[in-house]
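Take a look at the letters that make up each chain.
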Amino acid sequence: MAYYTDPDRETHNRRQEQLLRERMLDGRHEEDLLVEIQKDYAPEIAMELQLNPDLSENTFRMVVSQLSVSYDEPPIVDADGVEDFDTIITPELWPKMQQRDFITRGIRECFVRLDWPSDEDAIQEVRYRVIAPGHITKCVALRNHPDRPGCITERRMRTRLDEAGKPIRVETFETWDVTGEEPVFRIEELDGKGDLVDKTAEYTESTDYPYRDEDGAPIFPYVLYHAQLQDRLWDYMSGIELVRGTLRLAVGYTAWWDAFNNSANPQRVAIDLDLPAGQTQTLQKSRNVETITAGPKTILKFSSQRDAAGRIDTYPPGLAPMAGMEALRAYAERLAVFAGLNPGDLVASGSPQSGISIIVSRDGQRRAQQKAEPVNRLGDQQLLSIAARLSNSYGGTSLPTDERAYTIEYAQLGLSEAERKTMIENIEKESALGLISRLSMVRELHPGLDSDEAALGYLVAQKRHEIMLADALGELEVEEEDDSDIDGALMEISAAREMLRARPVDRAALDEALLAIVAELGGEDDQPDIEDGEE
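The rules we used
Residues numbered from 1 in each chain as written. Predicted model: local features only at pLDDT ≥ 70, side-chain atom pairs only at ≥ 80, totals over all residues. Heavy atoms only, no water. Phe/Tyr/Trp six-rings, centres within 6.5 Å; stacked < 30°, edge-to-face > 60°. Helix = DSSP H or I, 4+ residues; strand = E, 2+ residues; numbered from the N terminus. Buried < 20%, exposed > 50% of the residue type's maximum accessible area, 1.4 Å probe, protein only. Lys NZ or Arg CZ within 6 Å of the ring centre and 35° of its normal. Pairing = 2+ DSSP bridges. Axes fitted to C-alpha atoms, helices over the stretch in contact; angles between N-to-C directions. Core = buried A, V, L, I, M, F, W, Y, C linked by side-chain atoms within 4.5 Å. Contact = heavy atoms within 4.5 Å. Disulfide = S-S within 2.5 Å. Salt bridge = Lys/Arg side-chain N within 4 Å of Asp/Glu carboxyl O. Patch = residues over 30% accessible without salt bridge, like charges linked within 9 Å, V, L, I, M, F, W, Y side chains within 5 Å. Areas by Shrake-Rupley, 256 points an atom, 1.4 Å probe, with all protein chains shown as cover. Expected span 1.5 Å × (residues − 1).

### Some details on the packing of aromatic side chains
At step 1: Counting across every chain of the model gives 13 aromatic pairs.
At step 2: Arranged with centres 5.9 Å apart and planes meeting at 20°, the rings of Tyr71 and Trp94 form a pair that is stacked. Taken as a pair, Tyr71 in the loop between helix H4 (59–67) and strand E1 (76–78) and Trp94 in helix H5 (residues 93–107) lie far apart in primary sequence, 23 residues in all. Taken individually, Tyr71 and Trp94 each receive the classification buried, so the pair is uniform in this respect.
At step 3: Here the aromatic residues Trp176, Phe185, Tyr209, Tyr211 and Tyr394 are joined through ring pairs into a cluster of three or more.
At step 4: The positively charged end of Arg100 is found above the aromatic ring belonging to Tyr225, 3.8 Å away from the centroid.
At step 5: Above the ring of Tyr203, the side-chain terminus of Arg158 is found at 5.6 Å from the ring centroid.

Have a look at this one:
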């Protein structure tokens, strides 16, 4: 069976580093940990540690996941004259950007592939696919944009039918190239000799370049996101200290668990005594070592090597487990600094008894989010521009294709309850001393108000709402008084009806009751007084 080999050493080194980081972000780095154990220990010791490596501590993934907060809330996108972005801002876009942000922060680069559905029955909108950079076997930059690719070969698994008509999974190499005079698209497979063979016609109905805009220009359906602004394609070695240190820390935790187990049983040593027959194991490099398996019910028989009696001594544990845990904790905190964090941004949570984890403070997360915002905006604008070209050409829309036509506002990470409580207490103290204005108070409590004018508008709107609320409450009180007047009038009417039903009728008393009803309802007496003899 033929296997793919990278075309040059540089590509091989890049892909190996990127694939390693991808495995660590996914938690699939056990084989890498076994190799690291072999580097640190003699074969006979490494053999024992490799039986059950400890994968519970992954500082690299832990820190990266806490810094990937740029898309926890969907950004707000706007463009002049556009009200409907449904074909390019789909329900899956921003959730996938969370995954893209996670990969970009860990591996330093990440690709997003755009496609338009070929099935007419499918929802006609742009589709997005996140691609880790280790699966890109070839990448050539555009002449005028050294940080943007113009030629890509993606290593991708596909399903097709074999000669017997059964579906099989096949490794393919998909190339898109717009760097030449004519665009190139092809899908290749490895033959038995390891050479790439063009299989485009077997996967697509046409060998023509798939995507063109309304003017006939080729659309390159890939966007390369970077972790920082740069003038080159790759920055894959940045942060290698955190990656290598995480592997070493995992080796340390594996050794710590071994030391923890060993410290529970004293280490015995025989002096001037022949050991009973044991087992011989062959280690790497043809080295042999004798071992004895013993348990609580095992009786070992030793023989003296000379006339004098030998002895068995006990060695103390080489490492106190709790001291080892504290040392590993300090090492993990040191590693997190290599992720670009300030030492003050790190909070060691937990204790040796309950487990220790490195927590990035809320303020540290906000700083990392703000630092990544410019490069995220450039990538998202490029993505929306390409998506608009696809939508206009195949979806019949008329969206702007200029990258800068799209304005993107990212939601800022809010204050935690503890942070907000502390801020309010400090503002109250400054306000009591007359050291802060209402505008400054509003801007501190609401970071989204980025100018004094915005803060003033907020205060004016708040005052207007207070006046509207006061007016509404006043009207409610009047209505309540009117309701009470009506209730009293109804009671008076009921009393008058009782008088009418009585025999004989007291006209003076009835007139007085009716006058009381008029007064309850705010009216005036417009009838003459009853004269004597009318009763």
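This is not the end of the story, as more comes after the structure.
### A look at the sheet that holds strand E2 (residues 109–115)
At step 1: The three strands are arranged E3-E2-E9 in an open sheet whose pairing can be described as antiparallel. Across the chains shown, the open sheet's two edge strands, defined by having one partner strand only, are strand E3 (127–131) and strand E9 (222–226). The average undirected angle you get between the axes of adjacent strands in this sheet is 25°.

### Here we look at the nonpolar core
At step 1: Within the largest apolar cluster, 44 residues are counted, with the highest numbers of intra-cluster contacts made by Ile88, Phe111, Leu114, Tyr128, Leu383 and Tyr406.
At step 2: Elements supplying a minimum of two residues to this core: H5, E2, E3, strand E4 (136–141), strand E7 (184–190), E9 and helix H9 (362–395).
At step 3: For this core, the element with the highest residue contribution is H9, accounting for six residues.
At step 4: Sequence-distant contacts of Ile88, defined by excluding residues within four places in its chain, comprise Leu93, Val126, Tyr128, Leu384, Ala387, Ala388, Ser391, Leu399 and Tyr406.
At step 5: Formed by 21 residues, the second largest nonpolar core is a distinct cluster that contains Leu25, Val64, Val243 and Leu328.

### Let's talk about the environment of Ala132
At step 1: Position of Ala132 among the secondary structure elements: in the loop between E3 and E4.
At step 2: Under the relative-accessibility criterion, Ala132 is labelled buried at 8%.
At step 3: Excluding residues that lie within four positions of it along the chain, Ala132 makes contacts with Glu22, Ile103 and Ile107.

### Side note on the state of the cysteines
At step 1: Scanning the model with the defined rule gives zero disulfides in all.
At step 2: Between Cys139, a free cysteine, and Cys151, which holds the nearest cysteine sulfur, the sulfur-to-sulfur gap is 7.8 Å.

### Here's the deal with the environment of Arg362
At step 1: Considering the arrangement of structural elements, one finds Arg362 in helix H9.
At step 2: A C-alpha to C-alpha distance of 8.1 Å links Arg362 and Leu413, two positions 51 residues apart in sequence.

### A short note on the side chain of Glu36
At step 1: Looking at the element boundaries, Glu36 is found in helix H2 (residues 30–40).
At step 2: In contact with Glu36, not counting residues within four places along its chain, are Leu247, Arg248 and Val251.

### Points about the pattern of salt bridges
At step 1: All chains considered together, the criterion is met by 26 salt bridges.
At step 2: Between Glu174 and Arg113 there is a salt bridge, with the nearest N and O atoms lying 2.9 Å from each other. Pair noted here: Glu174 is in strand E6 (residues 167–177) and Arg113 is in strand E2, with a separation of 61 residues, a long-range link. Arg113 matches Glu174 in its accessibility class, with the two residues each being buried.
At step 3: In this structure, the salt-bridge partner of Arg443 is Asp452, at a minimum N-O distance of 3.0 Å.
At step 4: Overall, Arg443 belongs to the partly exposed group, its relative accessible area being 31%.
At step 5: Linked through salt bridges whose partners overlap, the residues forming this network are Arg113, Asp115, Arg129, Glu154, Arg156, Arg158 and Glu174.

### Some details on the side chain of Gln381
At step 1: In this fold, Gln381 is placed in helix H9.
At step 2: With relative accessibility at 11%, the residue Gln381 sits in the buried group.
At step 3: Contact partners of Gln381, with chain neighbours within four places excluded, come to Glu403, Arg404, Tyr406 and Ile408.

### What about unusual backbone geometry?
Most peptide bonds take the trans configuration, and most residues that are not glycine carry a negative phi.
At step 1: Positive phi outside glycine occurs at Arg108, with the angle close to 80°.
At step 2: Here Arg108 shows up in the loop between H5 and E2.
At step 3: Owing to a relative accessible area of 15%, Arg108 belongs among the buried residues under this scheme.

### Observations concerning a nonpolar patch on the surface
At step 1: A grouping of Leu469, Leu473 and Leu476 is seen on the molecular surface, where their side chains present a nonpolar patch of about 280 Å² in accessible area.
At step 2: Of note, Leu476 is situated in helix H12 (residues 452–501).

### Comments concerning H5
At step 1: With 15 residues, H5 extends 21 Å between its outermost C-alpha atoms, agreeing within 8% with the 21 Å of an ideal straight helix rising 1.5 Å per residue.
At step 2: The buried count for H5 comes to eleven of 15 residues, which makes it a mostly enclosed element.
At step 3: The complete set of buried residues in H5 reads Leu93, Trp94, Met97, Arg100, Asp101, Phe102, Ile103, Thr104, Arg105, Gly106 and Ile107.

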